[in-house]
Amino acid sequence: MDGAKVRAIVLGTAQDGGYPQPGCMSICCERARSDRSLSRTPVSLGIIGSDGTCHIIEVGRKIGEQIEIWKGFGGFEWPLKSASITHAHLGHTDGLRLLGREVMGARGITLHCSESMLSLIHQTPTWNILVEGGVISPRPWESFISFEPSPDCGFTITPIPVKHRAELSDNHALLIRGASGSLLFMPDQDSWQETLEGSTIREWLSSLGADSALIDGTFWSSSELSGRDMSEIPHPTVSESLELLGERADDDPDISFFHLNHTNPLHDESSNEFAIVRSMGWKISEPGDVYVLG
Ligand SMILES: [Zn+2]
Ligand SMILES: [Zn+2]
Ligand SMILES: [Zn+2]
């Protein structure tokens, strides 16, 4: 493909449970059941290399719908050349088995992940069979070491370790860097304090060289989950992130919130909370958002 550009397309924006979330009969999800255009699939990013190859970040159970979004945008080519996975939690990995014999019958998709994620794959028979059958070819990354997901794709991925409940695997944010731009993909983190280690969000993004960032926007506020202990599922709230960020200045990175829990009022474009984020100059991710990176 001559003169083609590296592009990243947001395919999913919801937290692992998706929106609407199974079992939630409250107004947050009933809204999305009565108007399916409001529904959202768990976080995922498609990347088209400068050579036309296709790569995905996170392999969730809604990969079928996500490929439809990608096809609508253009540039989708099957088979995928590579997949990268940030960590083992449900919505980030529960589509892996769709790559196998029962559904897509893929062969030799390079799977980029951490050593810790890879050892979980080997210990999990329903995943290991994908490795043994040649469906996926795992290639473990090293933290902070940039790699090209396939030769000549025109972009690199740099895994940045980020603390997040590690009962199954460790967790990485992924920095995607093309010739003219870079995008950080960070769906999950426990806290800004642990991630930033004393720096500000702006300093941290600048040290990574990230022009744009998709960041953990799971919950709007800490009072969001009635009846559940939120300390069991730690995430900085969007309110807290906004307090740390303040208003956006012209030379600030382009930051967009995603990985939204079904309870998050940011799913509703007419909410006050949505208006607050926009008025401060930040964004809420939508499927089909495009980042030109090279
Ligand atoms: Zn998640
Ligand atoms: Zn709900
Ligand atoms: Zn997680």
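Residues numbered from 1 in each chain as written. Chains lettered and ligands numbered in written order. Predicted model: local features only at pLDDT ≥ 70, side-chain atom pairs only at ≥ 80, totals over all residues. Heavy atoms only, no water.

K.L.:
Just give me the short version of the coordination of the zinc ion (ligand 2), but keep the residues and values in it.
P.N.:
Protein coordination at the zinc ion (ligand 2): the donors are Cys-24 (SG), Cys-28 (SG), Cys-29 (SG) and His-262 (ND1), at 2.1 to 2.4 Å from the metal. Of note is the zinc ion (ligand 2), whose 4 donor atoms meet at the metal with angles of 101 to 127° in an arrangement that counts as tetrahedral. All donor residues of the zinc ion (ligand 2) come from one chain, and their arrangement in sequence is C-x3-C-C-x232-H. Accessibility expressed as a relative area gives 10% for Cys-24, which makes it buried. On the basis of relative accessibility, which here comes to 0%, the residue Cys-29 falls in the buried class. (Donors = N, O, S within 2.8 Å, 3.2 Å for Na, K, Ca; no water. Tetrahedral: all angles 85-135°; square planar, octahedral: opposite > 155°, others 65-115°. Buried < 20%, exposed > 50% of the residue type's maximum accessible area, 1.4 Å probe, protein only.)

K.L.:
Explain the packing of aromatic side chains residue by residue, including any values.
P.N.:
Taken as a whole and assessed by the stated rule, the structure comprises 4 aromatic pairs. Judged by centre distance (6.0 Å) and plane angle (20°), the ring pair of Trp-141 and Phe-147 falls under stacked. Plain terms: the ring middles of Phe-185 and Phe-258 are 5.2 Å apart, the flat faces sit at 80° to each other, and that makes the pair edge-to-face. Of this pair, Phe-185 sits in strand S9 (residues 182–186) while Phe-258 sits in strand S11 (residues 254–258), and the two are 73 residues apart along the sequence. Comparing Phe-185 with Phe-258 shows no difference in burial state: the two are buried. (Phe/Tyr/Trp six-rings, centres within 6.5 Å; stacked < 30°, edge-to-face > 60°. Helix = DSSP H or I, 4+ residues; strand = E, 2+ residues; numbered from the N terminus.)

K.L.:
Tell me what's going on with the pairing of strand S3 (residues 54–57), and back it up with residues and numbers.
P.N.:
Burial along S3 is two-sided: Cys-54 and Ile-56 and His-55 and Ile-57, pointing in opposite directions, are all buried. Bridging between strand S2 (residues 44–48) and S3 involves 4 bridges; their strand directions are antiparallel. Following the sheet pairing, Ile-48 is matched in S3 by Cys-54. Once S2 ends, the chain turns through 5 residues before running back antiparallel as S3, passing Gly-52 with a positive phi of about 85°. Judged from the 3 bridges that link them, S3 and strand S4 (residues 82–84) form a sheet pairing that is parallel. Looking at the pairing, Ile-57 lines up with Ser-84 of S4. Read as a crossover between parallel neighbours, the route from S3 over helix H2 (residues 63–73) to S4 is right-handed. (Pairing = 2+ DSSP bridges. Right-handed = clockwise from strand over helix to strand, strands pointing away.)

K.L.:
I'd like to hear about the coordination of the zinc ion (ligand 3), residue by residue, with values.
P.N.:
Of the protein atoms, only His-87 (NE2), His-89 (ND1) and His-164 (NE2) coordinate the zinc ion (ligand 3), at distances of 2.1 to 2.2 Å. Counting along the primary sequence, the residues that act as donors to the zinc ion (ligand 3) give the motif H-x1-H-x74-H. His-87 sits in the buried class, given a relative accessible area of 1%. Accessibility expressed as a relative area gives 3% for His-164, which makes it buried.

K.L.:
Describe the pattern of salt bridges, naming the residues involved and giving the relevant values.
P.N.:
A complete count under the given rule lists 9 salt bridges for this structure. Note that Arg-31 and Asp-268 form a salt bridge whose closest N and O atoms lie 3.5 Å from each other. Of the two residues, Arg-31 sits in helix H1 (residues 27–34) while Asp-268 sits in the loop between S11 and helix H9 (272–279), which places them 237 residues apart along the sequence. A residue is classified by how much of its surface remains accessible, and Asp-268, at 21% relative accessible area, is partly exposed. (Salt bridge = Lys/Arg side-chain N within 4 Å of Asp/Glu carboxyl O.)

K.L.:
Give a description of the environment of Arg-40 that names residues and reports values.
P.N.:
Relative to the elements of secondary structure, Arg-40 occurs in the loop between H1 and S2. Sequence-wise, Arg-40 and Asp-94 are 54 residues apart; in three dimensions their C-alpha atoms are separated by 16 Å. Leaving out residues up to four positions away in the same chain, Arg-40 has contacts with Thr-13, Ala-14, Gly-18, Tyr-19, His-267, Glu-286 and Pro-287. For Arg-40, the side chain forms a polar contact with the main-chain oxygen of Ser-37, separated by 3.0 Å. (Contact = heavy atoms within 4.5 Å. Polar contact = N/O pair within 3.5 Å; in protein donor to acceptor, adjacent residues only side chain to side chain.)

K.L.:
Talk me through the environment of Trp-204; I want residue IDs and the actual numbers.
P.N.:
Structurally, Trp-204 is set in helix H7 (residues 201–208). Beyond its immediate chain neighbours, meaning those up to four positions away, Trp-204 contacts Ile-160, Leu-184, Met-186, Trp-192, Thr-195, Leu-196 and Ser-199.

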